[in-house]
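Fold and contact review
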Amino acid sequence: MMKKFVKCCRQLFVWNVRQSSHRNLAFFAVVVTLSMIATVMLSFPLSAQIPTRPQIAELRGVWLTNIDSNVLFERDRLKSALQNLKQLNFNVVYPTVWNWGWTLYPSKVAQKVIGRSLDPEPGLQGRDMLKEVVNVGHQQGLTVIPWFEFGFMAPADSQLAKRRPQWLTSRRDGSKIWKEGTHDRVWLNPFRPEVQQFIQDLIVEIVRNYDIDGIQFDDHFGLPSELGYDAYTVALYKKEHGGKAPPANSKDPEWVQWRANKITNYMKRVFTAIKAAKKNCIVSVAPNPQRFSYEFFLADWQKWERMGLVEDLVIQVYRDDLNVFKSELEYPEVKAAKSHIPVSIGIITGLKRKFVPMTQINQQVQQVRDRNFAGVSFFFYESLWNMTKEAPQQRQTGFKNLFPTGTSYPNLLAGWKP
């Protein structure tokens, strides 16, 4: 039909030119003819004009935490949340399983080391929260990747810290407290064999006992660079440096690299243990941008990725300034990772005391899509539509507009290609 119309208009144009002896009349005929063509073309649906790109996989995730949120503390509320996420075309959830010095699932490993198998939160008692997420999540077609949120970090007053004080690391002055907002934290020494074994045992316990699709780590799988001056680590450094003590400057490049390399070696060990327990378990990492992760947390995810230890990368780009946000997406290590594995971007949707408008979320998602990243994940569930100044229905409509149709989770193990 369109071809016939264009042919007719072309004939009309030729007739006008032949009939007119005046050049301006011919020009007028051209303008009229092109206007008619444009009007008719615009009247057709867009899909009739431009071939649509086939639906591709896109990661659409959200983190479920127990900080400022009770979504994990009630069976029905958790089930409803997962169903709602599926209806809004999300496809992956990252439920926390290690937080505040406790496991959020019944753990024999935790029972042995900490003296309690489960976080004492009343809403978790008599349940296996992780099993519920896996069962309901899979029923809804969601990918479930537990998040090992606290890594080597623990509250200063936790049972873990009290029962295993020799496991803690410190600054050069001997102080151990590390502030996270208003909270006092301490850090398990990632270089001690007993600590390494404990953390690995927790991870493998999850991988073996639950039908999870993967497991996720973040910067807390590293160590704040101001720490690492405990007696054990100092002795280890001296042993490998001819008796020389670590530099007094915690940011000394060689000292930073030495500790970061030790953590990388441990990451390789954990990756191997995960794959030995379940070869198709995806190893996901959700760090800050590389410079911050490396310099402040000794987490050299760029190196991990090059070594093949990361199969799913979700970079936390929690920025309000759109130009700063965009700049973080352009770094060489980010582009390099994109050519190897699915790389998604973590976007903040709000905190207890921080409101993020839907307009900002929309803009950032668009920037991610414009650069062909694998997808987006939002931090965190409660601030999607519950903890916000905008009406819940308005927010849910906003996410529905972002994800109007369902799509699959981009999976490296299932043949994902860059």
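My aim in this report is to walk through the structure given alongside it, one point at a time. Model, not experiment: these values are computed from the prediction. (Residues numbered from 1 in each chain as written. Predicted model: local features only at pLDDT ≥ 70, side-chain atom pairs only at ≥ 80, totals over all residues. Heavy atoms only, no water.)

Remarks on the overall build of the protein
From N to C terminus, the protein includes 17 helices and 15 strands. Across the 418 residues of the protein, 52% fall into the buried class. Sequence separation of 24 or more characterises 76% of the internal contacts of the protein that already satisfy a separation of 6 or more. Here the protein has roughly 19600 Å² of accessible surface; of this, 54% comes from carbon and sulfur atoms. (Helix = DSSP H or I, 4+ residues; strand = E, 2+ residues; numbered from the N terminus. Buried < 20%, exposed > 50% of the residue type's maximum accessible area, 1.4 Å probe, protein only. Contact = heavy atoms within 4.5 Å. Areas by Shrake-Rupley, 256 points an atom, 1.4 Å probe, with all protein chains shown as cover.)

Regarding the packing of helix 15 (residues 358-370) against helix 17 (residues 392-402)
Packed helix pairs are characterised by how far apart their axes lie and by the angle those axes make with each other. Where helix 15 meets helix 17, the axes come as close as 11 Å, and the angle between the chain directions of the two elements is 15 degrees. Relative to helix 17, the element helix 15 is oriented roughly parallel. Helix 15 and helix 17 meet at a crossing whose hand is right-handed. Of the residues in helix 17, those in contact with Met358, Ile361, Asn362, Val365 and Arg369 of helix 15 are Arg395, Gly398, Phe399 and Leu402. Of the residues that constitute the contact of helix 15 with helix 17, the class distribution is five nonpolar, two polar and two charged. (Axes fitted to C-alpha atoms, helices over the stretch in contact; angles between N-to-C directions. Parallel < 35°, antiparallel > 145°, perpendicular 65-115°, else oblique. Left-handed = near helix turned anticlockwise from the far one by under 90°. Nonpolar A, V, L, I, M, F, W, Y, C, P; charged D, E, K, R; others polar.)

A look at the pairing of strand 8 (residues 183-187)
Direction of pairing for strand 6 (residues 153-155) relative to strand 8: antiparallel, over a ladder of three bridges. Note that in strand 8 the partner of Pro155 across the bridge is Arg185. As paired strands, strand 7 (residues 178-180) and strand 8 are joined by three bridges and run antiparallel to one another. Directly across from Trp178, in strand 8, lies its bridge partner Arg185. Where strand 7 folds back on strand 8, the antiparallel hairpin that results is connected by two residues, among which Gly181 adopts a positive phi of roughly 65 degrees. (Pairing = 2+ DSSP bridges.)

Description of unusual backbone geometry
The omega torsion of the bond from Phe379 to Phe380 falls at 5 degrees, within 30 degrees of zero and hence cis. The residue Phe380 is located in the loop between strand 15 (375-379) and helix 16 (382-385) in this model. For Asp68, which is not a glycine, the phi torsion comes out positive at approximately 55 degrees. One can find Asp68 in the loop between strand 1 (59-64) and helix 4 (75-87). Overall, the relative accessible area of 39% leaves Asp68 in the partly exposed class.

Structural notes on the sheet that holds strand 15
Judged by pairing direction, the sheet is parallel, and its eight strands sit side by side in the order 5-2-1-15-12-11-10-9 without closing on themselves. Two strands in the sheet have a free side with no partner beyond their single neighbour: strand 5 (143-144) and strand 9 (214-217). Looking at chain direction, strand 9 and strand 10 (residues 282-285) are connected through four bridges and run parallel. The residue of strand 10 that forms the bridge with Gln216 is Ser284.

Section: the pattern of salt bridges
Taken as a whole and judged by the stated rule, the model has 18 salt bridges. Taking the shortest distance from any N to any O, the salt bridge between Arg75 and Glu132 comes out at 3.3 Å. One end of the pair, Arg75, is in helix 4; the other, Glu132, is in helix 6 (residues 129-139), and 57 residues separate them in sequence. What makes Arg75 partly exposed here is its relative accessible area of 45%. Note that Glu382 and Arg77 form a salt bridge whose closest N and O atoms lie 2.6 Å from each other. Pair noted here: Glu382 is in helix 16 and Arg77 is in helix 4, with a separation of 305 residues, a long-range link. Residue class for Glu382 comes out buried when judged on its relative accessible area of 7%. One connected set of salt bridges, linked through shared partners, spans Arg291, Arg319, Glu328 and Glu333. (Salt bridge = Lys/Arg side-chain N within 4 Å of Asp/Glu carboxyl O.)

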